[in-house]
Amino acid sequence: MDRLTMTDELEAIDDATIIKRKIDHTLARFSAAHDELEAEEAKKRERRERLALRPAALLEQTRTALQRVVTTADPDPAEESAPQTRLQEKKERKTRQTAKAGRITAAVVAALVFLSIGSAWGAQTWFDAKFNTVASLDEDSSDIQDAAGQTGDENFLMVGSDTRDGAAAEDGVGDADGTPGARSDTVMIAHVPADRQRVVMVSFPRDLEISRPECKRWDPATSSYSEETSPAQKIAKLNTAYAVGGPQCVTKVIQQITGMKMNHFVGIDFNGFKSMVDAVQGVTVYNEKPVDDTTLGMIIPQAGETRISGDQALNYVRARHVKGDPTSDYGRIKRQQAFLGALLKTVMSKDVILDTGKLSGFIDAFAKATFGENLGINQMMTLAKSMRGMGSDKVKFLTVPTTEEANKRGNEVLLQSKAKAVFDALINNTPLEEKAPAPPASDTASPPTSSAKSGGAKKSSSSG
């Protein structure tokens, strides 16, 4: 029975009273909802205040520690009650100096702790807020082999997008009118096993022949998907997966080929790439010959070690028609692998890590130039720390095994059995098959001291 329309004696009441009671009842519900929202907002305000006070509290702790060093006075010798021998005076003076040095050391340590904690906390909060998150992963895919056995592995799927949206004429990459859409000219996996004992970088040729699955259509201008789908295509090039279906489609294809679980996606566009290099004031690369591309022109005019700027780096990893390099796409893969290793080495060097301006500039450039999913300061540091300090026997740069000769459709054909052996070794964390290939006849070979890093389980010039 409805108590709004009945008295306590269960007798009917007039219409005016019913309306009044309904209004009162509605107001009571609004009031309760308002109280709940206000309580929730109060909790949010309290949390924001705590976060705002955290750096201030750390600063106050450091300031107090420094004050203690400055204001703690040494005892006045004039106040000493009893005369001392020279030996006693010398011993006490040494004790006071040791104590003061200890206090100064403690204060310096406190300051460094504040700076490291405060900077790391601030950088992580800032980066995570600025990073452009785009749906990219499918960690429950049926294509993943032995998903439980891959627990703890970190697999970064890295895609270089050549969308021309927003590119300036001086960038030299064309524009969206002349080259619409976006393609993935760079597709690479960075595999870090759960035991963190090695890092394996596997590159995929842009013209690798694939069977492309059905994918939601992708708009690179808005970094979003539509409800429309692109139909499956039995024979297609790898770089079309990103063009029609964006990050999600590339992830599907790579998980089908490898059986590996992609748990991080990193997309990097042309427009912001060079700013990362300029932020660290250039990256040093090695080439046996000058790098002269018939399309892009002279990129590096001299042989040997050269520190290149952002503009040079952009063309260095894009070049596909380098004079004297008949391998085309494989030569570019070799340059991309060598450059990525050089960039990571530069970023993790003390010249950048200990330089606040360079480090913050790189983080800012990286955040603006990248997009993806499950990517932040912690995840990127996992990759960087895993590579830092590793010898050539622990860092492998591979190219997925192919026939190395284009078929009649102009596509690279995967060698299924050899590719399966590589990816099984990564999934099971077993040794990769080692081969000793002859140095490639290319203008982008690594210097003798690091040639082993670009060797390993790869085939001749295709795996450079």
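Per-chain numbering applies: the sequence of each chain, read as written, is numbered from 1 onward. At least 70 in pLDDT is required for a residue's local features to be given in this predicted model, at least 80 for side-chain atom pairs to be given and counted, and no such filter applies to totals for whole chains, interfaces and linings, which use all residues. Where side-chain values are given, they derive from all heavy atoms of the structure, hydrogens and water being excluded.

A. Looking closely at the nonpolar core. To define a nonpolar core, start from buried Ala, Val, Leu, Ile, Met, Phe, Trp, Tyr and Cys residues and group those joined through side-chain atoms within 4.5 Å. Only protein chains enter the area calculation, which uses a 1.4 Å probe; residues under 20% of their type maximum are buried, those over 50% are exposed, and those in between are partly exposed. Counting residues in each nonpolar core, the largest one holds 40 residues, and the members touching the most others are Met158, Met201, Tyr316, Phe339 and Phe362. Secondary structure elements follow DSSP: runs of H or I of four or more residues count as helices, runs of E of two or more count as strands, with numbering from the N terminus. Tallying contributions element by element places helix H6 (residues 329-347) first for this core, with six residues. Contact definition: two residues touch when any of their heavy atoms are within 4.5 Å. The contacts of tyrosine 316, once residues within four sequence positions are left out, are Val285, Tyr286, Asn287, Val291, Ile299, Ile300, Ile308, Arg335 and Phe339. One finds Ala236, Ala241, Phe265 and Phe423 within the second-largest nonpolar core, a separate group that totals 35 residues.

B. Geometry of the side chain of threonine 402. Tracing the sequence through the fold places threonine 402 in the loop between strand E15 (395-399) and helix H10 (416-428). Pairing of N or O atoms within 3.5 Å defines a polar contact, subject to two protein rules: one partner must be a possible hydrogen donor and the other a possible acceptor, and residues neighboring in sequence count only if both atoms are side-chain atoms. Of note is the side chain of threonine 402, whose polar atom sits 2.4 Å from the side chain of tyrosine 330.

C. Fine view of the pairing of strand E5 (residues 209-212). Only one face of E5 is covered, namely the face carrying Ile210 and Arg212; the face carrying Glu209 and Ser211 is uncovered. DSSP bridges decide pairing: two strands pair if at least two such bridges lie between them. Summarising the sheet, E5 and strand E8 (residues 233-237) pair through three bridges and their orientation is antiparallel. Note on E8: the bridge partner recorded for isoleucine 210 is alanine 236.

D. Molecular detail of the packing of aromatic side chains. Aromatic contacts are taken between Phe, Tyr and Trp rings whose centres are within 6.5 Å, Trp giving its six-membered ring; a plane angle under 30 degrees counts as stacked, one over 60 as edge-to-face, and the others as tilted. The final tally for this structure, using the stated rule, is four aromatic pairs. What links up through ring pairs into an aromatic cluster is the set Trp218, Tyr225 and Tyr242.

E. Molecular detail of the environment of isoleucine 144. Here isoleucine 144 lies in the loop between strand E1 (132-133) and strand E2 (154-161). Each C-alpha atom, one on isoleucine 144 and one on glycine 259, is 4.5 Å from the other, the two residues being 115 residues apart in sequence. Residue contacts for isoleucine 144: discarding those within four places in its chain leaves Asp138, Glu139, Gln150, Gln255, Gly259, Met260 and Lys261.

F. The arrangement of the side chain of serine 230 in detail. Mapped onto the secondary structure, serine 230 falls in strand E7 (residues 224-230). For serine 230, a relative accessible area of 3% corresponds to the buried category. Those residues in contact with serine 230 that sit more than four places away from it in its chain are Arg212, Pro213, Glu214, Cys215, Arg217 and Val244.

G. Looking closely at the pattern of salt bridges. One side-chain nitrogen of Lys or Arg within 4 Å of one carboxyl oxygen of Asp or Glu is enough to make a salt bridge. By the definition in use, this model includes eleven salt bridges. A salt bridge links arginine 320 to aspartate 207; its shortest N-O distance comes to 3.6 Å. Here the residue arginine 320 occupies a position in the loop between helix H5 (310-318) and H6, and aspartate 207 occupies one in the loop between strand E4 (199-204) and E5, the gap between them amounting to 113 residues. One salt-bridge network, in which partners are shared between bridges, spans Arg206, Asp207, Lys237 and Arg320.

H. Quick look at the packing of H5 against H6. With axes taken as lines fitted to C-alpha atoms, and helix axes fitted only over the stretch in contact, angles between N-to-C directions fall between 0 and 180 degrees. Interaxial distance between H5 and H6 falls to 7 Å at its minimum, and their mutual angle equals 140°. Between H5 and H6, the angle is such that the two are oblique. The segment H5 lies against H6, with Ala313, Tyr316, Val317 and Arg318 engaging Arg332, Arg335, Gln336 and Phe339. Roughly parallel refers to an angle under 35 degrees, roughly antiparallel to one over 145, roughly perpendicular to one between 65 and 115, and oblique to any angle outside these ranges.

I. Region of interest: the pairing of E2. Most of E2 is tucked away: eight of the eight residues are buried. The alternating pattern of E2 places Glu154, Phe156, Met158 and Gly160 and Asn155, Leu157, Val159 and Ser161 on opposite faces, both of which are buried. By the bridge criterion, six bridges tie E2 to strand E9 (residues 264-269) in an arrangement that is parallel. Of the residues in E9, the one forming a bridge with leucine 157 is phenylalanine 265.

J. A look at unusual backbone geometry. Backbone geometry at aspartate 146 places phi at a positive 50°, although glycine is not the residue there. With respect to the secondary-structure elements, aspartate 146 resides in the loop between E1 and E2. Among the residues examined, aspartate 146 registers a relative accessible area of 45% and is labelled partly exposed. The residue glutamate 404 is not glycine, and still its phi comes out positive at about 65°. When you line up the elements, glutamate 404 lands in the loop between E15 and H10. For glutamate 404, a relative accessible area of 26% gives the class partly exposed.

K. Main features of the environment of phenylalanine 423. Structurally, the position occupied by phenylalanine 423 is in helix H10. Under the relative-accessibility criterion, phenylalanine 423 is labelled buried at 1%. Along the primary structure phenylalanine 423 and glycine 259 are separated by 164 residues, whereas in three dimensions their C-alpha atoms are 7.3 Å apart.

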